[in-house]
Amino acid sequence: MTDATPGGPDGTPATAEPTGGTPTTAAPTSTPTPPAGDVPAGDAPAGPDSRTTDVVPGPGGVMTDEVGVVTGELTLRTEYDAGQVTLRVQYKDADEWYVVTGGRAALADPAGLDAVHAVAVALVDRPEG
């Protein structure tokens, strides 16, 4: 036997509440996390699986997917998520992050993140040109 709960002021239908026996629990719902490539540039938070270093690229700067070439003092971040590594840059101390063009690759073992970041820094950081 159940008691009906009146519908809410927003027009939601009435629900039935059990009056005895084992309590029921609704199954939890989850919102899928978008793949790294679908996250807007400014909404790319650094997680525990990332490395960050300030760099100054050589002539020509760094090509990004979102805004083209960026130059000057930058911050380079190498992120690992679900078997993929992504390189992002931002103007030093800015809020927006941009994906480095061609800066995505499969990485089976997250233990390789330090090595990938070291190589990326070595390729990008060219303050003398």
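Residues numbered from 1 in each chain as written. Predicted model: local features only at pLDDT ≥ 70, side-chain atom pairs only at ≥ 80, totals over all residues. Heavy atoms only, no water.

Attention now moves to the nonpolar core. In terms of nonpolar packing, the biggest core is built from 11 residues, these being Val55, Val62, Val70, Leu74, Leu76, Leu87, Val89, Val100, Ala120, Val121 and Val124. Of all the secondary-structure elements, those providing two or more residues to this core are strand S6 (74–81), strand S7 (84–91) and helix H1 (113–124). Among the elements that take part in this core, H1 stands out by supplying three residues, more than any other. (Core = buried A, V, L, I, M, F, W, Y, C linked by side-chain atoms within 4.5 Å. Buried < 20%, exposed > 50% of the residue type's maximum accessible area, 1.4 Å probe, protein only. Helix = DSSP H or I, 4+ residues; strand = E, 2+ residues; numbered from the N terminus.)

Next up on the list: the pattern of salt bridges. Throughout the structure, instances matching the rule amount to four salt bridges. With a closest N to O distance of 2.7 Å, Arg77 and Glu79 form a salt bridge. The exposure class of Glu79 is buried, given its relative accessible area of 11%. In this structure, a network of salt bridges that share partners links the residues Arg77, Glu79 and Arg88. (Salt bridge = Lys/Arg side-chain N within 4 Å of Asp/Glu carboxyl O.)

With six of eight residues buried, S7 lies mostly within the body of the structure. The pairing of S7 with strand S8 (residues 98–106) spans five bridges and is antiparallel. Across the sheet, the residue bridging to Val85 is Ala105, located in S8. (Pairing = 2+ DSSP bridges.)

Taken as a whole and assessed by the stated rule, the structure comprises zero aromatic pairs. Here the guanidinium or amino end of Arg77 rests over the ring plane of Trp97, the centre of that ring lying 3.9 Å away. (Phe/Tyr/Trp six-rings, centres within 6.5 Å; stacked < 30°, edge-to-face > 60°. Lys NZ or Arg CZ within 6 Å of the ring centre and 35° of its normal.)

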